[in-house]
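# Analysis of the macromolecular model
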Amino acid sequence: MKICLFHLMPYRFLPDDFETRYRSVWVDVPHSLFNPQKCHLLYNEFLDELEHAERMGFDGLCVNEHHNNAYGLMPSPNLMAAALARRTSRAALVVLGDSLALYNPPLRVAEEFAMLDVISGGRLVAGFPVGTSMDTNFAYGITPTTLRERYYEAHDLVMQAWTRPEVFAFNGKYTQVRYVNIWPQPLQKPHPPVWIPGGGSVETWEWTARLDYVYCYLSYFGYKHGKKTMDGFWEAISRPGADDNPYRAGFLQLVGVSETDAQAERDYGPHVHYFYQKCLNVWEGFAEAPGYRTLRTLQSGARPQVGLAAKQIRQALTWKEYVEQGYIIAGSPGTVREQLSDCVEKLRVGHLMVLLQIGSLPKDLTLKNIELFGKEVLPHLRGVWPAAEDRWWPSGARPTFGGSPG
Amino acid sequence: MAVGRPTHLRWVPRLMLAREEVVPIRGGTVRFRGLQAGVGEPLIFFHSFEGLAGWPEFLERLSGRYAVRAPLHPGVGGSEGVESLDDVVDLALAYDEWLTALGIDRCHLAGHFFGGMVAAEVAALCPSRVRRLALLSPMGLWLDGVPQADSVTLPPSELHPLLWKDPESPAAKAWATPPPSDEAKATAQIERIQRLAAMGKFVWPIPDKGLKKRLHRIVAPTLLVWGDSDRVNPVAYGEEFLRRLKRAELRILPGGHMLPYESSEATARALLDFLSAP
């Protein structure tokens, strides 16, 4: 199994009464709450934490894109991946990813991903999220009902720009380019592995299977609630005939490792609460613009991960409930090992992504979490799925890889 | 959460005076479903995001003197083909083709908010088709200093006090009363999302889509009707339309944004006076 550290880079300094005083952490969160001096320190702490994860044996480092929010301070994950490309030498750089429909022309993504792949010696995982409604419809003004069409067209353009041998013309509905010819081309051939992060859309599952990509479920409800979604995923992709290779799936889980179960509560309790109550405090109106989800997905009963109903489910949770319901897997190394093995086996996940910097968790505790996870948990999970072949791992990200590109 | 009754899904005439009509255009790519009632000169009414189920009272009143047709916008309540329409000009041209398919040459146009924008677009693109144009709190312009309410985004509970002058009025209460069963609630919720998504496609994220460059093409006498307590689309927009139209008058009536539904009689009267003027 592959294990990656996922970082959201949240703003750690929201006021204590944030969720009662402000309606939303996303879209219209006032930037009077933002302190650039503090954020200067944050970015550098966060990069230190990601770099430390490589030293602790993590296989990959995940960054992602969000806008107008205090939940994740990475409008450009590519900038963070570029910084990591120079300060790491072995780990996969999993950019999860660039929201294709937000780039005009989307060739910008093809170019920047190719740059990252070349700089890092072929360590890039190319992630293409549709993007949340908050990011795409509200922060970037994309019309909800055209978002997916734009996304699919942009995907086709990027993949063609990476794989077609000739200079070509692209006559799309949203993008027209007479001469498509990107320099540089990616180092990995035919192209970097593609992972699609998602929140449970039926169409995305089928599309992912058809194109033989990895599907990553980024759940805000933890692995116990995520089981139903992942079961739906495995069933949906079996219809177009995809096999059940666990490496087709990625899953994100919050994890907190301490010396003991009791210490885990002391270390992570307040920060998990900060994450669920402040970082996910999204106003109902911004949770999903009308048209963001297709009729089919609405009819499938999929519910938004943020907004009023989600908030009501999460707002009264105690530490005990966060743990029991799987929102976070936390405790001693033994406890975490046992529950995480159960999680990846039940969900059939080959690419596990763990969120170890959670909400307001400060650097010293984050490094402790990374260190304990790397030393006490990670080695025990490596051996899961011994018979499966990971066809979606960047070719330059082998543990032995350390040289400069030839 | 309180959700409005499905407004256009079950467009069932309350008094069974209106009958259903389905008209395909563009080889069936777009299919307009709607209701019609009355005899006389043709009068088209274009609906907006919010309304009330059934054949509204003010249309019933208008149908006493006009052949009223109220089509549903593509993607709403059984009208199809919204995915094939790229922008509001495309939509207006589809309505031009719909009129042709019905054999209607010249007609009166009316519309509420989003529907007002559509009526204005049709009148600007096909000026010779339109006898008289009645715009009820129309959308389509943008004033930086007076932003419209984000009515496509607001949850029903927060939209309710903005829509109605008197949120306790029977019409306002009817709008806010959720259906009785959970199943009907879920269906109503999906219908509402689909309805807002379909119209939202043409005005997201700001409804300034070029109408201001086309308004000068309108030649028909135009009536602008506004509720004095319109908290969704402030009356400043009425004044802006008035400045940009050649032959327009602005009438302000007691009422909120949902004027045609909460002040049906006054709205119908204003329209009848205007449409029948020599």
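The preceding data block contains the structure.
Residues numbered from 1 in each chain as written. Chains lettered and ligands numbered in written order. Predicted model: local features only at pLDDT ≥ 70, side-chain atom pairs only at ≥ 80, totals over all residues. Heavy atoms only, no water.

A few words now on the overall build of chain A. Secondary structure summary: chain A contains 15 helices and eleven strands in total. In terms of C-alpha radius of gyration, chain A reaches 20 Å, essentially the compact-globule figure of 22 Å for 406 residues. Structurally, chain A occupies a C-alpha span of about 60 × 50 × 50 Å along its principal axes. In the form shown here, chain A has an accessible surface area of approximately 15,600 Å², with 52% of it arising from carbon and sulfur atoms. (Helix = DSSP H or I, 4+ residues; strand = E, 2+ residues; numbered from the N terminus. Rg over C-alpha atoms; globule rule 2.2 N^0.38 Å. Areas by Shrake-Rupley, 256 points an atom, 1.4 Å probe, with all protein chains shown as cover.)

All chains considered together, the criterion is met by 42 salt bridges over all chains. The salt bridge involving Glu57 of chain B is made with Arg61 of chain B; its shortest N-O contact spans 2.9 Å. Here the residue Glu57 of chain B and the residue Arg61 of chain B both occupy positions in helix H1 (residues 57-62), the gap between them amounting to four residues, near one helical turn. The exposure class assigned to Glu57 of chain B is partly exposed, which follows from its relative accessible area of 36%. Overlapping salt bridges, with partners in common, bring together Glu206, Glu235, Arg239 and Arg296 of chain A in one network. (Salt bridge = Lys/Arg side-chain N within 4 Å of Asp/Glu carboxyl O. Buried < 20%, exposed > 50% of the residue type's maximum accessible area, 1.4 Å probe, protein only.)

A word on the interface of chain B and chain A. Often, the extent of an interface is quoted as the loss of accessible area upon association of its parts. The interface of chain B with chain A comprises 18 residues on the first partner and 20 residues on the second. Counting the surface lost from both chain B and chain A, the interface buries some 1,400 Å², and carbon and sulfur atoms represent 71% of this. Where chain B packs against chain A, one counts one salt bridge. A salt bridge links Asp86 of chain B to Lys173 of chain A; the nearest nitrogen and oxygen atoms lie 3.1 Å apart. At the junction of chain B and chain A, the tally comes to four residue pairs in polar contact (both at pLDDT 80 or more). Considering only residue class, the side of chain B that touches chain A consists of ten nonpolar, three polar and five charged. (Contact = heavy atoms within 4.5 Å. Buried area = accessible area lost by both parts, 1.4 Å probe. Polar contact = N/O pair within 3.5 Å; in protein donor to acceptor, adjacent residues only side chain to side chain. Nonpolar A, V, L, I, M, F, W, Y, C, P; charged D, E, K, R; others polar.)

Residues and elements named next belong to chain B. An order of S1-S2-S4-S3-S5-S6-S7-S8 is seen for the eight strands of this open sheet, with the pairing classed as mixed. Of all the strands in the sheet, just strand S1 (19-25) and strand S8 (248-253) have a single pairing partner and so form its edges. For this sheet, the mean angle separating the axes of adjacent strands, direction not counted, is 20°. Of the strand pairs in this sheet, strand S5 (residues 107-112) and strand S6 (residues 130-136) are connected by five bridges, and their pairing is parallel. Across the sheet, Ala110 pairs through a bridge with Ala134, a residue of S6. (Pairing = 2+ DSSP bridges. Axes fitted to C-alpha atoms, helices over the stretch in contact; angles between N-to-C directions.)

Moving on to the packing of helix H7 (residues 202-210) of chain A against helix H8 (residues 222-238) of chain A. Residue and element names in this part refer to chain A. Close contact between H7 and H8 brings their axes to 9 Å; oriented N to C, the two are set at 50°. For the element pair H7 / H8, the angle class is oblique. Read as a crossing pair, H7 and H8 show a hand that is right-handed. Of the residues in H8, those touching H7 at Trp205, Glu206 and Ala209 are Thr229, Gly232, Phe233, Ala236 and Ile237. Residues belonging to the contact of H7 with H8 are distributed by class as follows: five nonpolar, two polar and one charged. (Parallel < 35°, antiparallel > 145°, perpendicular 65-115°, else oblique. Left-handed = near helix turned anticlockwise from the far one by under 90°.)

All names here are of chain A. Packing of helix H9 (residues 261-279) against helix H15 (residues 363-381) leaves a shortest axis separation of 12 Å and a crossing angle of 125°. With respect to each other, H9 and H15 are oriented oblique. Where H9 crosses over H15, the handedness of that crossing is left-handed. When H9 is examined against H15, the residues Gln263, Asp267, Tyr268 and His271 are found in contact with a partner set consisting of Leu365, Lys368 and Asn369.

In this section: the environment of Asp230 of chain B. All names here are of chain B. Considering the arrangement of structural elements, one finds Asp230 in the loop between strand S7 (222-227) and helix H8 (236-244). Among the residues examined, Asp230 registers a relative accessible area of 8% and is labelled buried. In this structure, the C-alpha to C-alpha distance between Asp230 and Gly256, residues 26 residues apart in sequence, is 4.3 Å. A distance of 2.7 Å separates a polar atom in the side chain of Asp230 from a polar atom in the side chain of Ser137.

Once that is clear, we can look at H15 of chain A. Residue and element names in this part refer to chain A. Here H15 contains 19 residues, and its C-alpha end-to-end distance of 25 Å stays within 8% of the 27 Å for a straight helix at 1.5 Å per residue. Where H15 bends most, at Gly374, the angle is about 45°. All of the buried residues along H15 are Leu365, Thr366, Asn369, Ile370, Leu372, Phe373, Gly374, Val377, Leu378 and Leu381. Buried positions along H15 lie against strand S1 (2-6), helix H2 (36-55), strand S9 (249-257), H9, helix H14 (333-347) and strand S11 (351-355). (Expected span 1.5 Å × (residues − 1). Bend = angle between axes of the 7 residues up to and from the residue.)

Coordinates in, geometry out; function isn't part of it.
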